[in-house]
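Structure at a glance
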Amino acid sequence: VIAVFQPKLLQGKSVLITAGPTFEPIDPVRGITNLSSGKMGFAIARAAREAGAQVTLIAGPTALPTPYGVSRLDVQSAQQMHEAVLAQVKAQDVFVAVAAVADWRVVGASEQKLKKDASGTPPQLRLEPNPDILATVAALADRPYCVGFAAESENLAQYGEAKRQRKNVPLLVGNIGHQTFGKDDNELILFEENGQTVLPRASKQQLARQLIAAIARRI
Ligand code: CTP
Ligand code: CA
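Residues numbered from 1 in each chain as written. Chains lettered and ligands numbered in written order. Predicted model: local features only at pLDDT ≥ 70, side-chain atom pairs only at ≥ 80, totals over all residues. Heavy atoms only, no water.

You'll find the chain entered in an unreviewed UniProt entry as Coenzyme A biosynthesis bifunctional protein CoaBC, with Paucimonas lemoignei given as the organism.

Below you can see the structure in the form of structure tokens.
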């Protein structure tokens, strides 16, 4: 109901968002994933839509309902997310990478379920790097306004600005991983070239509205 009275700060703009974890298969019944719930990314998608934007949400496996009016594509692996983003990124005004993308995938995932062998020797999993979706989009010639996220477990103030520069994005949003994964509230730090802004602890939906207002002021 509150949303009805929000100014349409992103009217006429299109926003692409990644959210949730990715799932990297080991075999047809097992895989590697992480503790991202998708709540922050889905809250940002909802807030962007409330602000009048046309919103595309590319989601890894989550149990969350699609926010009203948002167009959603479900993926599993980082490679699938990468392909979906590249297929959608053209003509987007804003890209917000909230997904906790697996940095590595299993080399040659098995097509059949792995079985224990008689000797009890566990399988040796080999990993290879996944593509960096945000860095790929940030390197496009006609790139949208790119916003990264970082969940750190320590040294957020230093790691956040270093990551912003490494990813070559104008805005990187930092939070403390174990204080956000699965929770309904959060606390954010916005890292930008000219300094840091703290968004104090609030619900993820309130923070998402503040973040969308901040993005709207910058584009
Ligand atoms: N990201 C991405 N594709 C990847 C990895 C990360 O798009 N393969 C995006 C995330 O969605 C997030 C930002 O990059 O917006 C930062 O992710 P993070 O995991 O914190 O950064 P990394 O460069 O992977 O560094 P780290 O070693 O700390 O994991
Ligand atoms: Ca990572």
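Let us keep going from here.
Surveying the vicinity of ligand 1 reveals 14 residues, the closest of which are A97, A99, P131, L134 and K163. Between ligand 1 and the protein, one listed contact pairs a nitrogen atom with a backbone N or O atom of P131 at 2.8 Å. Where the shell around ligand 1 is concerned, the elements lending two or more residues are α3 (133–138), β9 (145–152) and α4 (156–167). (Near = heavy atom within 4 Å. Polar contact = N/O pair within 3.5 Å; in protein donor to acceptor, adjacent residues only side chain to side chain. Helix = DSSP H or I, 4+ residues; strand = E, 2+ residues; numbered from the N terminus.)

So, on to the UniProt feature "binding site: CTP" (unreviewed entry) in the chain. On the UniProt side, "binding site: CTP" (unreviewed entry) is annotated at positions that read D103, K113, P131, D132, I133, L134, F149, K163 and K167 here. Their sequence span is 65 residues, while the largest C-alpha to C-alpha distance among them is 37.8 Å; these annotated residues do not converge on one region. Lining residues of the largest pocket, restricted to the annotated ones just named, are D103, P131, D132, I133, L134, F149, K163 and K167. A relative accessible area of 43% means that K113 is categorised as partly exposed. Residues contacting K113, with those up to four places away along its chain left out, are D27, P28, V29 and R30. Of note, I133 is situated in helix α3. If we skip the residues at most four places from it in the chain, I133 touches A78, M81, H82, V85, F95 and V101. (UniProt positions renumbered as here; feature names shortened; annotations may be inferred. 1 Å grid on protein atoms, 1.4 Å probe; cavity = no way out; pocket = protein on both sides within 12 Å on 5 of 7 lines; lining within 4 Å. Buried < 20%, exposed > 50% of the residue type's maximum accessible area, 1.4 Å probe, protein only. Contact = heavy atoms within 4.5 Å.)

Of note, the phi angle at A91 is positive, near 70°, even though the residue is not glycine. You can see A91 is positioned in the loop between α2 (78–88) and β6 (94–97). For N168, which is not a glycine, the phi torsion comes out positive at approximately 60°.

Below, the discussion takes up the coordination of the calcium ion (ligand 2). Bound to the calcium ion (ligand 2) on the protein side are D103 (OD) and D103 (OD), at distances that span 2.5 Å. Locating D103 in the fold gives a position in the loop between β6 and β7 (104–106). (Donors = N, O, S within 2.8 Å, 3.2 Å for Na, K, Ca; no water.)

Between two packed helices, what matters for the description is the angle formed by their axes and the separation of those axes. Closest axis-to-axis distance for the helix α1 (residues 39–50)/helix α5 (residues 204–218) pair is 8 Å, and the angle between their directions is 55°. Considering their axes alone, α1 and α5 lie oblique with respect to each other. For α1 against α5, the interelement crossing comes out right-handed. Contacts between α1 and α5 involve K39, M40, A43, I44, R46, A47, A48 and E50 from the former and K204, Q205, L207, A208, R209, L211 and I212 from the latter. For the contact of α1 with α5, the per-class residue count stands at nine nonpolar, one polar and five charged. (Axes fitted to C-alpha atoms, helices over the stretch in contact; angles between N-to-C directions. Parallel < 35°, antiparallel > 145°, perpendicular 65-115°, else oblique. Left-handed = near helix turned anticlockwise from the far one by under 90°. Nonpolar A, V, L, I, M, F, W, Y, C, P; charged D, E, K, R; others polar.)

Another aspect to go through is the pattern of salt bridges. Scanning the entire structure with this criterion turns up 10 salt bridges. The salt bridge partner of D27 is R30, with a shortest N-O separation of 2.5 Å. Take D27: its relative accessible area is 3%, and that puts it in the buried class. The closest approach of N and O atoms between E192 and R218, which form a salt bridge, is 2.5 Å. Placement of E192 in strand β11 (residues 185–192) and of R218 in helix α5 is noted, with a sequence separation of 26 residues between them. For R218, a relative accessible area of 31% translates into the label partly exposed. (Salt bridge = Lys/Arg side-chain N within 4 Å of Asp/Glu carboxyl O.)

Further remarks concern the pairing of β9. Look at any regular strand and the pattern is simple: side chains alternate between the two faces of the sheet. With seven of eight residues buried, β9 lies mostly within the body of the structure. The pairing of β6 with β9 spans four bridges and is classified as parallel. Bridging across to β9, A97 finds its partner in G148. Both β9 and strand β10 (residues 171–176) contribute to a ladder of six bridges, which runs parallel. The partner of G148 across the bridge, within β10, is L172. Chirality of the crossover, the property in question, places the unit of β9, α4 and β10 among those that are right-handed. (Pairing = 2+ DSSP bridges. Right-handed = clockwise from strand over helix to strand, strands pointing away.)

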